[in-house]
Amino acid sequence: MTVNDLNSIQKRMEKEKGLGQNGINARVTVHMGTCGLASGAQKVMDALLDQMRKSGRSDISVTTSGCIGLCSQEPLVTVEVAGKEPVIYRQVDDPKMREIFKGHLLHGEVQSEDALCRGKAVNEDPMPSDSGNGIPHVSQLPFFALQQSWVLRNRGLIDPESIDDYVGRGGYQAAGKALLEMSAQEVISEVKVSGLRGRGGGGFPTGIKWEFCATSKGEVKYVLCNADEGDPGAFMDRSVMEADPHAVLEGMIIAAKAINSHQGYIYCRAEYPLAVKRLNLAIEQAREYGLLGKDILGSGFDFDIEVYQGAGAFVCGEETALMGSIEGRRGMPRPRPPFPAVSGLWKKPTVLNNVETYASIPQIILQGGEDYAKIGTESSKGTKVFALTGKVKNIGLVEVPMGTSLGQIIFDIGDGVPGGKKFKAVQLGGPSGGCIPAEHLNTPTDYEAITKAGAIMGSGGMIVMDDDTCMVDMARYFMDFCQDESCGKCSPCRIGTKRMLEILQRICKGEGKEGDIELLEDLAQTIKDSALCGLGQTAPNPILSTIRYFRHEYESHISDKHCSAAVCSALFKSPCQHTCPVGMDIPSYVALIRAGRIDDAYKILKRTNPFPSVCGRVCGHTCQMKCRRGQLDEPVAIMHLKRFITDHAKRPRGGVLPTTRKEKIAIVGAGPSGLTAALELRRRGYAVTVFEELHEAGGMLRWGIPAYRLPREQLDQEIQEILDTGVELRTHTRVGKDLPFEDLERDFDFIYLAAGAHKSLPLNIPGEDAEGVIGAVEFLRAYNLGKEVKVGKHVAVIGGGNSAIDTARTALRLGAKKVTIYYRRERKDMPAQEWEIRAAEEEGVRMMVLVAPVRIITQYGKATRLELTQMRLDQFDESGRKQPKPILGSEFTEKAETVISAISQKADLDFLSKRDGIEIAGSRVKVDKYFRTTHPEVWAGGDMVTGPAMVIDAIRAGQEAASAIDATIREAKGERPWVAPEEERIDIPVEVEEETVEQPQTSMLEVSPSLRRKDFREVELGYTLEMAMAEARRCMRCDANVENRSH
Amino acid sequence: MDHECLCEKQAAVDEFTPEQWRLIDEVIEKFKDKPGALIPVLEEVQGIAGYLPESVQRRVASGLSLPLSQVYGVTTFYSFFTMKPRGRHQIRVCLGTACHVRGAKRNLDHLMEAFKLKPGECTEDRNFSLDVVRCLGACGLAPVMVVDEDTHKQVKEAKLDQIMKVYGDGSNPSEG
């Protein structure tokens, strides 16, 4: 085989691949990598071949290729018809393949519903001008458009088991050039100019490594390929070997030329049987063509390669351990120096590089190192292949120029986090790496930049995590892995990883101690400094990195025995209960509904929540976000079930509770937090007086939340039950105005501040002082107070939270003709609950996103129009969302006689002047973890401490503060702590479904949008008994397995 | 890593058929003169015998002229080699990072409970064995479980029992 022979093959293949010639008019490629096969690609191929036989057509070519990188859409099939654009079909199965064959191939009709895009994965064709029946072109899909194929240049285009296909794409030309036209030094030079750095994770400049080895003395030298991709979550090398094995071989031939080696080995892990098979086949084919063996391409240069299979040891990815394994020994690393370049395999000079590094080489030789160096950043040249997995929509294999930001990869290419969850962190570099949180999404993929952020580039595994991931558990997971894979040779790693693992396991089991975090940091540093090889030296990285960014999670596991992700199951009975701020016993009351015991279920509710009817209607139900059922189909509708109970149970009224103590407590604010604190203090026997500025108790529940979400009768009943215990309520009394704060200090022993956040933030734009401009809270309060509220024909609501939605829907009911919500980010970023947004849209509220107000245009002092600017999304901000920036010159105006600011609220802290000794930060009262302010007799909680939050958070604050006040009083007097009176024993039935059948959440009955927008009647009608019991049966009783948990 | 002392559990030499011993000897012969071939030999021999008890290790050691301690050392170092028999149906749960983040541990706990097995063990009747794999590289399908040749993708804990029913009680190796 000579270069001329290669050229002839290439020309022949180019002709063959062209359609409309040689009697081939169409080609169907079924992409078959490991994941494609696991998803059923073989069945698709079988169906295709069957259809081919039935059709009797001989002008259609059927072929295969490796995967094209879009794992989440497997199996994928590309259909090309002569003269027409190729179409890639996604999630193809046997029936779809047959339809595609008949429709697209036999009748020329593209099956649009199943199509992913037009064009091919490696898009070398210019963008066509036609619109393509609504199917996007591949260059319009961010997943493909933002990639740059260097290593993966043949993706989807060649059959990995055909050497001719590879040669047809210019394969082995680089080897020919290196062997016949270049000297070893020239090859090394070219690689040095390219700036290529080792892609296995070390990032060592490849050209320099080759140079060291080339200058080492010795006749026998080895070229080794590290294909032991052991990082869990990384499959870049597997994909390259399965899809384009010859690229690796060619790279190794060129390396052999550079260092003058005549034998190479590829050490491939045994977990990749398809890769091993394809490599062996490729080597056989290359030998047949004289591209391996003696006198390659007539150059006089000999080189051969053998595949060596691993046997399941992560440490064998470490270079000296790898060599030990090839030598037939236990894979234990040895100290360096001497370095492999001087003394490696069988003590001979050896170059060891990663699969991706070798696969990058042929194009560097053909196109020149300078071309490669044009891509990437100053210190990190070229492209990098990443395996993007975990909680991301477009799971797949992506190749991007170095310098692309993590945020672009995760959110643009990966399309963000699925299921409406929030991004938490991304793990880079596997068990040797670290996690990078939302604040650093702008970090470019550059070796040094990533190291600065506390992680490492690693081999390319990129695991995205959301708020269902516990970072302490992840640290434990990685340490468990390293401890298991530790070879045992050196004490720091063998013993150190075990000790660190024990500490982490204790923490995850709820047995964490003060000082554990510092101990972990100490151990980590010691192990890093003294371990023999990379495994030990980097094993502590995930722990250091999670402590750096998520120390509060460790602390919460240790001090509060709380796992916010609801993962560490030893810390809780069920994730729903654990996530609820007041720990409502959800599994129990759901089980009681299932058993038809509604009255008992109500008793369970009241044990932890004085406002179950309210919460059953308006809570943000974070419990549902952690419901395990949600991982099967949809979460259990816990909130609707809670409401069902309060609608149908017998609700016995209690009487006055005795006052057994002489201390008097004052509470400022009769909202949910203040009233809950009042109840808890009454139960403990204290005299309580609640001061309320307005004429009725309820706070935001009455003045903010509209009646169509929370009927007044329900609210009144729950408030009255609290007042009935003997709470003194003084309405029409504003502390600071009607009553000086000093009077409270004088007349009461202790004070709980819970005045909420009732001041809307201003928009800070010109025209804000005009008539018709008002804050959301003020608007809703005015209406709820019964005042006459005029709304213009056109109402503009600025904001995206629940207040904005409540305001918009109220304005509609008050007679506005057109209500529009203007939000500056994207719809998915709106803080309001999704079902609220949907309900508003159904009622006719218009949503406009990516816009922000600029000024209010007025006439005679009244608002007439609102001027807005369009926004574009820029880089990521600290919240992990893209920052909106105005597009200059895009201003436009809309009619608006009423403009409502619903961007946020803050507390009105005028009544607390500095000398009261109560420290304030921003517009929030500062408190310690027991809700105590800097004034020893004053506690505070709810929105005035946290800013706007959920009702249940305010309730919790009330409970905690009351408990803390009582504990403080008793401790000061040397009394024993309060013991709650014993509760009636309620047996909870344990019944779980035998078989779990997928079934969505039972839908809530609602008044139709056209009817309900006319008045303030309750929109949601509630479940019937059948609906409630059916929904309760969906609960999987996570708490029932507690005894059997093998943590 | 748990392994018993060799003295305690020795598989009888007649656990394997003469045909198996012949095949084993063939493998040893094939690689005899290749330096460092111990690992490929053990891989192929395990493919024949199913596992590598002391009797098999002794055969390999004497055939390759290596000390038994070296063969034992290599066998116990690499997780692919096992000195315990595998079941007719081998269940392998991937605990790679992507699978972990998608709930693989709960799947493993469920299987451990259902089959009363710890990873690395097999049932009394040798029908099922359970193993943990660190990463199969099929992260796009997380969480992944492989039973024999079948790769099960996106395995949900609530569906595990139904998935495993396909393999029956395990006594028929061709089932599933």
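Below: a short report on this structure.

## Describing the pairing of strand 8 (residues 304-309) of chain A
Residue and element names in this part refer to chain A.
Next, step 1: As paired strands, strand 7 (residues 263-268) and strand 8 are joined by six bridges and run parallel to one another. By the bridge assignment for strand 8, Tyr267 is matched with Tyr308.
Next, step 2: Chirality of the crossover, the property in question, places the unit of strand 7, helix 12 (residues 273-288) and strand 8 among those that are right-handed.

## A word on the pattern of salt bridges
Residue and element names in this part refer to chain A.
Next, step 1: Following the criterion strictly, the structure yields 100 salt bridges over all chains and no others.
Next, step 2: The residue Arg827 makes a salt bridge to Glu834 at a minimum N-O spacing of 3.2 Å.
Next, step 3: Judged by its relative accessible area of 29%, Arg827 falls in the partly exposed class.
Next, step 4: Glu834 gets classed as partly exposed once you look at its relative accessible area, which sits at 45%.
Next, step 5: Sharing partners across several salt bridges, the network here consists of Arg709, Asp806, Arg809, Arg813, Glu836, Arg838, Glu842, Glu843, Glu1006 and Arg1012.

## So, the interface of chain B and chain A
Next, step 1: Facing the 43 residues of chain B at the interface are 61 residues of chain A.
Next, step 2: Interface area for chain B against chain A, summed over the two sides, is near 4,100 Å², with a carbon-plus-sulfur share of 55%.
Next, step 3: Of all residues in chain B, the largest losses of buried area upon contact with chain A belong to Phe77, Thr97 and Arg134 of chain B, amounting jointly to 17% of the total for that side.
Next, step 4: Our count for the chain B to chain A interface comes out at one salt bridge.
Next, step 5: Residue Lys34 of chain B is joined to Glu306 of chain A by a salt bridge in which the shortest nitrogen-to-oxygen separation is 2.7 Å.
Next, step 6: At the junction of chain B with chain A, the criterion picks out 17 residue pairs in polar contact (both at pLDDT 80 or more).
Next, step 7: Elements represented by at least two residues in the side of chain B that touches chain A include exactly helix 2 (38-49), helix 4 (68-77), helix 5 (97-101), helix 6 (104-115) and helix 7 (160-165) of chain B.
Next, step 8: Sorting elements by how many residues they give to the side of chain B that touches chain A places helix 4 of chain B first, with five residues.

## Quick look at the environment of Cys225 of chain A
All names here are of chain A.
Next, step 1: Structurally, the position occupied by Cys225 is in strand 6 (residues 222-227).
Next, step 2: Judged by its relative accessible area of 1%, Cys225 is buried.
Next, step 3: When the C-alpha atoms of Cys225 and Arg269 are compared, they prove to be 11 Å apart, with 44 residues separating the residues in sequence.
Next, step 4: The contact partners of Cys225, leaving out residues within four places of it in the chain, are Val248, Met252, Tyr265, Ile266, Tyr267, Leu352, Asn353, Asn354, Val355 and Tyr358.

## Notes on helix 12 of chain A
Residues spaced three or four apart along an α-helix face the same direction, because each turn holds 3.6 residues.
Residues and elements named next belong to chain A.
Next, step 1: Between its first and last C-alpha atoms helix 12 spans 23 Å; for 16 residues at 1.5 Å apiece the expected length is 22 Å, and the two agree.
Next, step 2: Taken together, the buried positions of helix 12 are occupied by Leu274, Ala275, Val276, Arg278, Leu279, Ala282, Ile283, Gln285 and Ala286.
Next, step 3: On its buried side, helix 12 packs onto helix 2 (34-38), helix 6 (163-168), helix 10 (236-243), helix 11 (245-259), strand 7 and strand 8.

## Observations concerning the packing of aromatic side chains
Next, step 1: Taken as a whole, this structure holds 19 aromatic pairs over all chains when the rule is applied.
Next, step 2: On the basis of an interplanar angle of 15 degrees and a centroid distance of 6.0 Å, the ring pair of Tyr267 of chain A and Tyr308 of chain A is categorised as stacked. Taken together, the residues span a long stretch of sequence, with Tyr267 of chain A in strand 7 and Tyr308 of chain A in strand 8 at a distance of 41 residues.
Next, step 3: Relative to Tyr78 of chain B, the ring of Phe77 of chain B lies with its centre 4.9 Å away and its plane at 75 degrees, an arrangement referred to as edge-to-face. The exposure classification of Phe77 of chain B matches that of Tyr78 of chain B, with both residues buried.
Next, step 4: Ring pairing ties together the aromatic residues Phe411, Phe423 and Phe876 of chain A, which thus form one cluster.
Next, step 5: The cationic tip of Arg269 of chain A hangs over the ring face of Tyr272 of chain A; the distance from NZ or CZ to the ring centre is 5.0 Å.
Next, step 6: Over the face of the ring belonging to Phe748 of chain A we find Lys664 of chain A, whose NZ or CZ atom lies 5.9 Å from the ring centre.

## Details of the sheet that holds strand 21 (residues 794-798) of chain A
Residue and element names in this part refer to chain A.
Next, step 1: Taken in spatial order, the five strands of this open sheet run 20-28-21-22-23, and their pairing is parallel. If you trace the sheet from one side to the other, it starts and ends with strand 20 (773-775) and strand 23 (846-849), each paired once. The average undirected angle you get between the axes of adjacent strands in this sheet is 20 degrees.
Next, step 2: Sheet analysis places strand 20 next to strand 28 (residues 898-901), joined by three bridges and oriented parallel. Considered in strand 28, the bridge of Val773 is made with Val899.

## Things to note about a positive patch on the surface
Residue and element names in this part refer to chain A.
Next, step 1: A contiguous patch of positive charge, built from Lys793, Lys817, Lys818 and Lys895, is present on the exposed surface.
Next, step 2: Positionally, Lys818 belongs in strand 22 (residues 818-823).
Next, step 3: Judged by its relative accessible area of 39%, Lys818 falls in the partly exposed class.

## A word on the nonpolar core
Next, step 1: Counting residues in each nonpolar core, the largest one holds 151 residues, and the members touching the most others are Tyr172, Trp210 and Phe303 of chain A together with Ile91 and Met145 of chain B.
Next, step 2: No other element matches helix 11 of chain A, which puts ten residues into this core.
Next, step 3: In contact with Tyr172 of chain A, other than residues within four places in its own chain, are Leu6, Ile163, Tyr166, Val167, His246, Leu249, Glu250, Ile253, Ala286, Leu291 and Leu297 of chain A.
Next, step 4: In terms of nonpolar packing, the next biggest core, distinct from the first, is built from 73 residues, Tyr265 and Ala539 of chain A together with Ala61 and Val71 of chain B among them.

## As for unusual backbone geometry
Next, step 1: Along the chain, Glu74 of chain A connects to Pro75 of chain A via a cis peptide bond; the corresponding omega equals -5 degrees.
Next, step 2: If you trace the backbone, Pro75 of chain A turns up in the loop between strand 2 (60-65) and strand 3 (77-81).
Next, step 3: Cis rather than trans, the peptide bond between Ala142 of chain B and Pro143 of chain B has omega equal to -5 degrees.
Next, step 4: Here Pro143 of chain B is to be found in the loop between strand 2 (128-133) and strand 3 (145-147).
Next, step 5: Positive phi, close to 65 degrees, is recorded for Asn260 of chain A, a residue that is not glycine.
Next, step 6: Topologically, Asn260 of chain A is positioned in the loop between helix 11 and strand 7.
Next, step 7: In this structure, Asp295 of chain A takes a positive phi of about 50 degrees despite not being glycine.
Next, step 8: Counting through the fold element by element, Asp295 of chain A comes out in the loop between helix 12 and strand 8.
Next, step 9: A relative accessible area of 40% places Asp295 of chain A in the partly exposed class.

## A look at the sheet that holds strand 15 (residues 664-668) of chain A
Residues and elements named next belong to chain A.
Next, step 1: The five strands lie next to each other as 17-16-15-18-32, forming an open sheet whose pairing is parallel. The open sheet has two edge strands with one neighbour each: strand 17 (728-730) and strand 32 (938-940). Shown here is a sheet whose adjacent strand axes are inclined to one another by a mean of 20 degrees, direction ignored.
Next, step 2: When strand 15 meets strand 16 (residues 687-691), the two strands line up parallel, connected through five bridges. Residue pairing across strands places Ala666 opposite Thr689, the latter belonging to strand 16.
Next, step 3: Running at roughly 165 degrees to strand 18 (residues 750-753), helix 37 (residues 951-972) makes contact with strand 15, strand 18 and strand 32 of the sheet.

## Considering the pairing of strand 6 of chain A
Residue and element names in this part refer to chain A.
Next, step 1: Buried residues dominate strand 6, accounting for six of its six residues.
Next, step 2: What you see with strand 6 is no split at all: Tyr222, Leu224 and Asn226 on one side and Val223, Cys225 and Ala227 on the other are buried throughout.
Next, step 3: With six bridges joining them, strand 6 and strand 7 adopt parallel strand pairing. Across the sheet, Val223 pairs through a bridge with Gly264, a residue of strand 7.
Next, step 4: With five bridges connecting them, strand 6 and strand 9 (residues 350-354) associate as parallel partners. Note that in strand 9 the partner of Tyr222 across the bridge is Thr350.

## Points about the packing of helix 9 (residues 206-215) of chain A against helix 11 of chain A
Residues and elements named next belong to chain A.
Next, step 1: Two numbers describe how helix 9 lies on helix 11: the axes approach to 8 Å, and their chain directions differ by 45 degrees. The angle between helix 9 and helix 11 places the two elements in the oblique class. Between helix 9, through Trp210, Cys213 and Ala214, and helix 11, the contact on the second element is made entirely by Ile254, Ala255, Ala258 and Ile259.
Next, step 2: Looking at the contact of helix 9 with helix 11 residue by residue, the class counts come to seven nonpolar, no polar and no charged.

## Considering the state of the cysteines
Each disulfide consists of a covalent bond between the sulfur atoms of two cysteine residues.
Residues and elements named next belong to chain A.
Next, step 1: A complete count under the given rule lists zero disulfides over all chains for this structure.
Next, step 2: With no disulfide of its own, Cys268 lies 8.4 Å from the sulfur of Cys225, the closest cysteine sulfur.
Next, step 3: The exposure class of Cys268 is buried, given its relative accessible area of 0%.
Next, step 4: Of all cysteine sulfurs in the structure, the one in Cys615 sits closest to Cys619, which takes part in no disulfide; the separation is 5.2 Å.

Reading the values: the criteria
Residues numbered from 1 in each chain as written. Chains lettered and ligands numbered in written order. Predicted model: local features only at pLDDT ≥ 70, side-chain atom pairs only at ≥ 80, totals over all residues. Heavy atoms only, no water. Pairing = 2+ DSSP bridges. Helix = DSSP H or I, 4+ residues; strand = E, 2+ residues; numbered from the N terminus. Right-handed = clockwise from strand over helix to strand, strands pointing away. Salt bridge = Lys/Arg side-chain N within 4 Å of Asp/Glu carboxyl O. Buried < 20%, exposed > 50% of the residue type's maximum accessible area, 1.4 Å probe, protein only. Contact = heavy atoms within 4.5 Å. Buried area = accessible area lost by both parts, 1.4 Å probe. Polar contact = N/O pair within 3.5 Å; in protein donor to acceptor, adjacent residues only side chain to side chain. Expected span 1.5 Å × (residues − 1). Phe/Tyr/Trp six-rings, centres within 6.5 Å; stacked < 30°, edge-to-face > 60°. Lys NZ or Arg CZ within 6 Å of the ring centre and 35° of its normal. Axes fitted to C-alpha atoms, helices over the stretch in contact; angles between N-to-C directions. Patch = residues over 30% accessible without salt bridge, like charges linked within 9 Å, V, L, I, M, F, W, Y side chains within 5 Å. Areas by Shrake-Rupley, 256 points an atom, 1.4 Å probe, with all protein chains shown as cover. Lys, Arg positive; Asp, Glu negative; His and termini not counted. Charge placed at Lys NZ, Arg CZ, Asp CG, Glu CD. Core = buried A, V, L, I, M, F, W, Y, C linked by side-chain atoms within 4.5 Å. Parallel < 35°, antiparallel > 145°, perpendicular 65-115°, else oblique. Nonpolar A, V, L, I, M, F, W, Y, C, P; charged D, E, K, R; others polar. Disulfide = S-S within 2.5 Å.

As far as function goes, none of this settles anything; it's purely spatial.
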